[in-house]
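Residue-level listing of the chains:
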Amino acid sequence: MKLSVVILNYNVRYFLQQCIISVQRATKNIETEIIVVDNASSDDSCVMVKELFPNITLIENKENVGFSKANNQAVKVAKGEYVCILNPDTAVGEGTFEKCLGISESSKKIGAIGVYLLDGTGNFLPESKRNIPTPLVSLLKILGFTKKYYASKLSEEATGSVPVLVGAFMFLKREVYNQVGGFDEDYFMYGEDIDLSYKIEKAGYKNHYIGSTETLHYKGESTQKDAAYLDRFYGAMQIFYKKHFNSNPLLNKAVSIGVSLAKKQKKVSSEENTNSGSKTEKAIVLTENLQLLKSLTESFERPLTASSKTIFQDADLRNTFFIFDVDYMPYHQIFMVMKQFKNKNNQFRIRPPGCNFIIGSDKSDEKGRVSVF
């Protein structure tokens, strides 16, 4: 077995379905197993996996054991030479795993590999590549100064070594994962990917970022959860410092004060942006499937127009609601379009192959949306 893709799920049934489909499309030429670990979801995620993907290994936890423990569970039963830790709210571009394999097999010193992550608006997610978050760097990040937190010296579409990758997509040799002890289970959520990245580099490997292949990540805590996020981020950093840095009470106090100030700032920002966002003027479906167009038209209270890929020859498409049919446009092409037409008041939805739903997100700080038709 060449590759084991590990997907940890918690109550995101439709995102999980799209994620699995995208992985299957991206691994057609690679001997691959998919392992889904479910952390006691209350939706029908597990039923969906059993019915639609009976050949997938499904681990059903009776309780939410957190990110680290659940992923470690899956890697223990994985058979692949390589493992990829993957969030369920992602869609992988065709060819992504081949590029990761190519980089990893080019040197024995390659540690974990990450890729260009974009959100549902087509914008780059800077956490795709980060620096080591020393206490000072974390304090600056909490206060909104992120230049040193993210690995900005390496451009978004470049390829090269970076210290820290994000747990939404981490590709590495299974023996390296096991050598450094996998994810530290002292972390429940947040910080475990930083810790693993740091341990891999301490073991003598170099983590790597590939900017030439994309994965879509419908990331985001809603604005109402900003304070909780800051508490979890701060708590994770405290664990990280205790394990890897000398204690500095003065700086720790400064970080704590920074968290309090950031919470107040986030609250004001949330109140100001509650009603932000404008509607699109037209809606276009990229498909050759007339039955799909008919079904979508009957489900939406706005006119929909079918179009071909030639529409993207217009470099200034704005104020448009796009629905992409993956049977017509593969994921990697969809991601290219999203990147090209971002920040022009466009909205993007994807209809995974053979599915009766579309999925997307209009803000980077909120979870994705699903419309069933």
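What this report covers is the structure whose coordinates are included nearby.

Cut-offs applied
- Residues numbered from 1 in each chain as written.
- Predicted model: local features only at pLDDT ≥ 70, side-chain atom pairs only at ≥ 80, totals over all residues.
- Heavy atoms only, no water.
- Salt bridge = Lys/Arg side-chain N within 4 Å of Asp/Glu carboxyl O.
- Helix = DSSP H or I, 4+ residues; strand = E, 2+ residues; numbered from the N terminus.
- Buried < 20%, exposed > 50% of the residue type's maximum accessible area, 1.4 Å probe, protein only.
- Arc of directions from axis to C-beta.
- Pairing = 2+ DSSP bridges.
- Right-handed = clockwise from strand over helix to strand, strands pointing away.
- Polar contact = N/O pair within 3.5 Å; in protein donor to acceptor, adjacent residues only side chain to side chain.
- Phe/Tyr/Trp six-rings, centres within 6.5 Å; stacked < 30°, edge-to-face > 60°.
- Lys NZ or Arg CZ within 6 Å of the ring centre and 35° of its normal.

With that out of the way, let us pick up the pattern of salt bridges. Applying the stated criterion to the full structure yields 18 salt bridges. The shortest N-O distance in the salt bridge between Glu94 and Arg25 comes to 3.1 Å. Here Glu94 is found in the loop between β5 (90-92) and α4 (96-104), whereas its partner Arg25 is found in helix α1 (residues 13-26), with 69 residues between them in sequence. Residues Glu157 and Lys339 are paired through a salt bridge, measuring 3.2 Å at the closest nitrogen-oxygen approach. Of this pair, Glu157 sits in the loop between α5 (135-142) and β7 (159-161) while Lys339 sits in helix α11 (residues 331-340), and the two are 182 residues apart along the sequence. Among the ionic contacts, a cluster of salt bridges with common partners joins Lys2, Glu81 and Glu105.

Take α4 next. Residues Thr96, Phe97, Cys100, Leu101 and Ser104 constitute the buried set of α4. Burial along α4 is one-sided: seen end-on, the buried residues are contained in an arc of 135°.

In terms of residue burial, strand β9 (residues 206-217) counts as a mostly covered element, since 10 of its 12 residues are buried. Sheet topology note: the β5/β9 ladder contains three bridges and is antiparallel. Among the inter-strand pairings, Val92 is bridged to a residue of β9, identified as Thr215. One ladder, built from seven bridges, connects strand β6 (residues 110-118) with β9; its direction is parallel. Its bridge partner being in β9, Leu117 is matched across the sheet by Thr215. Bridge count for β7 against β9 is three bridges, and the pairing is antiparallel. Residue pairing in the sheet places Thr159 in a bridge with Ile210 of β9.

Right, let's get into unusual backbone geometry. One non-glycine residue with positive phi stands out, namely Asn343, at about 60°. Residue position: Asn343 is located in the loop between α11 and β13 (347-351). The residue Asn345 is not glycine, and still its phi comes out positive at about 55°. Mapped onto the secondary structure, Asn345 falls in the loop between α11 and β13.

Let us now look at the pairing of strand β12 (residues 320-325). Counting buried positions along β12 gives six out of six residues, so the element sits mostly inside the fold. Where strand β10 (residues 282-286) lies against β12, five bridges are found, and the strand directions are parallel. Across the sheet, residue Ala283 finds its bridge partner in β12, namely Phe321. Summarising the sheet, β12 and β13 pair through five bridges and their orientation is parallel. Across the sheet, the residue bridging to Phe324 is Ile350, located in β13. After leaving β12, the chain enters α11 and then returns to the sheet as β13, a path that is right-handed.

For helix α10 (residues 290-299), the full list of buried residues reads Leu292, Leu293, Ser295 and Leu296. Each buried residue of α10 sits inside an arc of 165° when the element is viewed along its axis, so together they form one side. In α10, those exposed residues whose orientation departs by more than 90 degrees from the buried face are Leu290 and Glu298. The N-terminus of α10 is capped by Asn289, whose side-chain oxygen sits 3.0 Å from the backbone nitrogen of Gln291.

It is worth spelling out the packing of aromatic side chains at this point. Two aromatic rings are characterised by how far apart their centres lie and by the angle between their planes. Taken as a whole and judged by the stated rule, the model has 17 aromatic pairs. Ring plane angle 85° and centroid distance 5.0 Å describe the contact between Tyr149 and Tyr150, whose orientation is recorded as edge-to-face. The exposure class assigned to Tyr150 is buried, which follows from its relative accessible area of 15%. When the centroid spacing of 5.8 Å and the interplanar angle of 45° are considered together, the rings of Phe312 and Phe322 count as tilted. In this pair, Phe312 is assigned in the loop between β11 (305-307) and β12 and Phe322 in strand β12, connecting sequence segments 10 residues apart. Look at Phe312 and you get buried, because its relative accessible area is 11%. Joined through ring pairs, the aromatic side chains of Phe312, Phe322, Phe324, Phe341 and Phe348 make up one cluster. A cation over a ring is seen here: Lys309 above Tyr328, with NZ or CZ 5.0 Å from the ring centre.

Inspection of the secondary structure assignment puts Glu288 in the loop between β10 and α10. Look at Glu288 and you get exposed, because its relative accessible area is 67%. Residues Glu288 and Ala306 lie 18 residues apart in sequence; the distance between their C-alpha atoms is 7.7 Å.

Function cannot be read off these values alone, since they describe shape.
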